[in-house]
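# Descriptive analysis of the structure
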Amino acid sequence: MTPLVVDNVIKRFRQGDRDVSALAGVSLDVAEGAFLAVMGASGSGKSTLLHLMAGLDTPDSGRVVIRGENLAEMNDRQLTLFRRRHIGLVFQSFNLIPTLTAEENVALPLLLDGKRESDVRPKVREMMESLGLTSRLTHRPDAMSGGEQQRVAIARALVTDPAVLLADEPTGNLDSANSKSVCELLRDLSNLHNKTIVMVTHEPTVAAYAQEVAVIKDGKLVERFATQETNGGQALALRYQECLR
Ligand SMILES: Nc1ncnc2c1ncn2[C@@H]1O[C@H](COP(=O)(O)OP(=O)(O)OP(=O)(O)O)[C@@H](O)[C@H]1O
Ligand SMILES: [Mg+2]
């Protein structure tokens, strides 16, 4: 089953006395194990699209379907549970809880879901080990580098084994070395572990790690292409610039 289907979503926002069209009918689907980068200029609607995919906001019309389930047909409680179990979210600003250790942060979604502590611990340890975080279990966020914090946030997003991992500018606050390690991690998660990933970015060098690029302009999907066709960051940057013209 296709993990994520977005079908003709429209979203407008009220800004003072005018209506702003953030998404003007976007459709896209993401296959299992695919890694899709969503690119577009500032204000083009990327974050709005990601928020709709995550069920953090609702479209004015159109549908978001995850694992065959239409998010709009769920009540608040069902949606909260569905999000916790099936959607992994990663943000530019990591959003870790500062008073908790790395291990406690990663355990949180499972504990909130009522899982027993004795079942949670081995799962969390395994996830952190696979992301190279074993030496950081007891560190609090302020004692870790940005790259480590983002890897912890990715571990937290993946520990529930979600249908899809959604990341909004995950490298936006990272220097180039940490950015590279997060990009490599996301690529490996898709290539080696068949995780389904949608990542928003406006950096061609970051998008080059994905398998496909979808370009959004003025709330519309203007192009979708395989990164293989562009063979690397520079050619991808050119293709992206062409799309925006
Ligand atoms: N909560 C909101 N209230 C009002 N307008 C909003 C809201 N969220 C987004 N918008 C508007 O919708 C449009 C799309 O915004 P969005 O945040 O999706 O862009 P973006 O592509 O993520 O931009 P950036 O690259 O700067 O993050 C913009 O015009 C923005 O001002
Ligand atoms: Mg944004």
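For the structure, see preceding data.
Reading guide: rules and limits
Residues numbered from 1 in each chain as written. Chains lettered and ligands numbered in written order. Predicted model: local features only at pLDDT ≥ 70, side-chain atom pairs only at ≥ 80, totals over all residues. Heavy atoms only, no water. Pairing = 2+ DSSP bridges. Helix = DSSP H or I, 4+ residues; strand = E, 2+ residues; numbered from the N terminus. Contact = heavy atoms within 4.5 Å. Polar contact = N/O pair within 3.5 Å; in protein donor to acceptor, adjacent residues only side chain to side chain. Axes fitted to C-alpha atoms, helices over the stretch in contact; angles between N-to-C directions. Parallel < 35°, antiparallel > 145°, perpendicular 65-115°, else oblique. Left-handed = near helix turned anticlockwise from the far one by under 90°. Nonpolar A, V, L, I, M, F, W, Y, C, P; charged D, E, K, R; others polar. Expected span 1.5 Å × (residues − 1). Buried < 20%, exposed > 50% of the residue type's maximum accessible area, 1.4 Å probe, protein only. Salt bridge = Lys/Arg side-chain N within 4 Å of Asp/Glu carboxyl O. Core = buried A, V, L, I, M, F, W, Y, C linked by side-chain atoms within 4.5 Å. Lys, Arg positive; Asp, Glu negative; His and termini not counted. Near = heavy atom within 4 Å. Areas by Shrake-Rupley, 256 points an atom, 1.4 Å probe, with all protein chains shown as cover.

## Thoughts on the pairing of strand β10 (residues 220-226)
Inspection of the sheet shows strand β9 (residues 212-217) paired to β10 by 6 bridges, in the antiparallel sense. Residue pairing for β10: Lys-217 is matched across the bridge by Lys-220. The antiparallel pairing of β9 with β10 creates a hairpin that spans 2 residues between the two strands, and Asp-218 there sits at a positive phi of about 45°.

## Considerations on the environment of Lys-115
Structurally, the position occupied by Lys-115 is in the loop between α3 (102-112) and α4 (117-130). Ignoring anything within four residues of it in the chain, the contact list for Lys-115 reads Leu-110 and Val-120. A polar contact of 3.0 Å, which involves the side chain of Lys-115, links it to the side chain of Asp-113.

## Looking at the packing of α3 against helix α5 (residues 146-158)
Contact pair α3 / α5: the axes reach a minimum separation of 7 Å and the direction vectors enclose 25°. Classed by the angle they form, the pair α3 and α5 counts as roughly parallel. At the point where α3 passes α5, the crossing takes the right-handed sense. The segment α3 lies against α5, with Ala-102, Asn-105, Val-106 and Pro-109 engaging Val-152, Ala-155 and Arg-156. Tallied by class, residues from the contact of α3 with α5 come to 5 nonpolar, 1 polar and 1 charged.

## Looking at the sheet that holds strand β1 (residues 4-15)
Taken together, the 4 strands give an open sheet; going across it, the order is β2-β1-β4-β5, and neighbouring strands pair in antiparallel fashion. Whereas interior strands pair on both sides, the edge strands pair on one side only; in this sheet they are β2 (18-30) and β5 (69-70). Relative to β2, β1 is paired through 10 bridges, and the arrangement is antiparallel. If you follow Arg-12 over to β2, its bridge partner there is Ser-21. Strands β1, β2 and β4 (61-66) of the sheet are contacted by helix α1 (residues 46-53), whose axis makes an angle of about 120° with β1.

## As for α5
When the terminal C-alpha atoms of α5 are compared, their 18 Å separation across 13 residues agrees well with the 18 Å that a helix rising 1.5 Å per residue should span. Gly-147, Glu-148, Gln-149, Gln-150, Arg-151, Val-152, Ala-153, Ile-154, Ala-155, Arg-156, Ala-157 and Leu-158 are the residues of α5 that are buried. Those residues of α5 hidden inside the fold are in contact with β6 (87-91), α3, α4, β7 (164-168) and α6 (176-193).

## Some words on the pattern of salt bridges
Under the criterion given, the structure shown has 16 salt bridges. Between Glu-184 and Lys-180 there is a salt bridge, with its nearest N and O atoms 3.0 Å apart. In this pair, Glu-184 and Lys-180 both sit in helix α6, 4 residues apart, roughly one turn of the helix. Note on Glu-184: relative accessible area 26%, which makes it partly exposed. Salt bridges sharing partners connect three or more residues here, namely Arg-12, Arg-14 and Asp-19.

## So, the nonpolar core
In this structure, Val-124, Ile-154, Leu-186 and Val-213 are the most contacted members of the largest nonpolar core, which totals 44 residues. Of the residues forming this core, the biggest block, 6 residues, is contributed by α5. Sequence-distant contacts of Val-124, defined by excluding residues within four places in its chain, comprise Glu-103, Val-106, Ala-107, Leu-110 and Val-159. Val-30, Leu-36, Leu-49 and Met-74 belong to the second-largest nonpolar core, a separate cluster that totals 29 residues.

## Examining the side chain of Lys-46
With respect to the helices and strands, the residue Lys-46 is situated in helix α1. Despite being buried, Lys-46 has no salt bridge partner; Glu-169 is the closest side chain of opposite charge, sitting 4.8 Å away. Sequence-distant contacts of Lys-46, defined by excluding residues within four places in its chain, comprise Val-38, Met-39, Gly-40, Ala-41, Glu-169, Val-200 and Thr-201.

## Digging into the site of ligand 1
Close to ligand 1 lie Phe-13, Gln-15, Val-20, Ala-22, Ala-41, Ser-42, Gly-43, Ser-44, Gly-45, Lys-46, Ser-47 and Thr-48, which account for all nearby residues. Here Gly-43 contributes a backbone N or O atom positioned 2.8 Å from an oxygen atom of ligand 1. Relative to its unbound accessible area of 640 Å², ligand 1 is 64% covered by the protein chains. Of all the secondary structure elements, the ones that give two or more residues to the shell around ligand 1 are β1, β2 and α1. The leading source of residues in the shell around ligand 1 is α1, at 3 residues. Its residues assigned to classes, the shell around ligand 1 comprises 4 nonpolar, 7 polar and 1 charged.

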